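Chain by chain, the residues:
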Amino acid sequence: MVVDPFIFRLAIFILAIFVGYYVVWSVTPALHTPLMSVTNAISSVIIVGALIAAGPEGADLAKIFGFVAITLAAINIFGGFVVTQRMLSMYKKKKK
């Protein structure tokens, strides 16, 4: 029995969605900041792939999607760092 590669990849993608959902929602508040840092690192890997997709030759659909991916991942990275900084500042002792 041969499984179509598209169906195989789709099944893995759907399983990853469920695993990711349950992993993120079971994180305690103390681990939220490190999790944000890891997500920012993943977004930086997405930017590298999007830069390759949005390379210098021609303007086709892949280049447009690559540019959109770069823009959204950059917003995600910078926003994640801002949120992480705000959360870390909550743990600092206030000076009296």
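Residues numbered from 1 in each chain as written. Predicted model: local features only at pLDDT ≥ 70, side-chain atom pairs only at ≥ 80, totals over all residues. Heavy atoms only, no water.

We now examine the overall build of the protein chain. Helix and strand content of the protein chain: 3 helices and 0 strands. When contacts within the protein chain are restricted to residue pairs at least 6 apart in sequence, long-range pairs at least 24 apart make up 59% of them. Surface accessibility of the protein chain: about 8,200 Å² in total, with carbon and sulfur atoms responsible for 77%. (Helix = DSSP H or I, 4+ residues; strand = E, 2+ residues; numbered from the N terminus. Contact = heavy atoms within 4.5 Å. Areas by Shrake-Rupley, 256 points an atom, 1.4 Å probe, with all protein chains shown as cover.)

Another aspect to go through is the UniProt feature "transmembrane region" (unreviewed entry) in the protein chain. As annotated by UniProt and renumbered to match this structure, "transmembrane region" (unreviewed entry) occupies residues 6-25, 37-55 and 61-84. Between the end C-alpha atoms of residues 6-25 there is a gap of 29 Å, over a span that is 100% helix and 0% strand. Secondary structure within residues 61-84 divides into 100% helix and 0% strand; the distance between the first and last C-alpha atoms comes to 34 Å. (UniProt positions renumbered as here; feature names shortened; annotations may be inferred.)

Another aspect to go through is helix H3 (residues 61-91). Between the first and last C-alpha of H3 there are 45 Å, a value that for 31 residues agrees with the 45 Å anticipated at 1.5 Å per step. Turning to H3, its buried residues are Gly66, Ile70, Ala73, Ala74, Ile77, Gly80, Thr84 and Met87. (Expected span 1.5 Å × (residues − 1). Buried < 20%, exposed > 50% of the residue type's maximum accessible area, 1.4 Å probe, protein only.)

Structurally, glycine 66 can be placed in helix H3. Classification of glycine 66 as buried rests on a relative accessible area of 4%. Separated by 25 residues in sequence, glycine 66 and tyrosine 91 have C-alpha atoms that sit 38 Å apart. Not counting residues up to four positions away in its chain, the partners in contact with glycine 66 are Ala50, Ala53 and Ala54.

On to the environment of valine 48. Structurally, the position occupied by valine 48 is in helix H2 (residues 32-53). Classification of valine 48 as partly exposed rests on a relative accessible area of 49%. Taking the C-alpha atoms as reference, valine 48 lies 30 Å from serine 89; in sequence the two are 41 residues apart.

What follows concerns the packing of aromatic side chains. The tally for this structure, following the rule as stated, stands at 1 aromatic pair. Summarising the aromatic geometry, the rings of tyrosine 21 and tyrosine 22 are spaced 5.2 Å apart at their centres and angled 80° between planes, so their arrangement reads as edge-to-face. Looking at tyrosine 21, the relative accessible area reads 46%, which means it is partly exposed. (Phe/Tyr/Trp six-rings, centres within 6.5 Å; stacked < 30°, edge-to-face > 60°.)

Among the structural elements, tryptophan 25 can be located in helix H1 (residues 5-25). Residue tryptophan 25 is classed as exposed on the basis of its relative accessible area, which comes to 65%. Residues tryptophan 25 and glutamate 57, spaced 32 residues apart in sequence, show a C-alpha to C-alpha distance of 42 Å.

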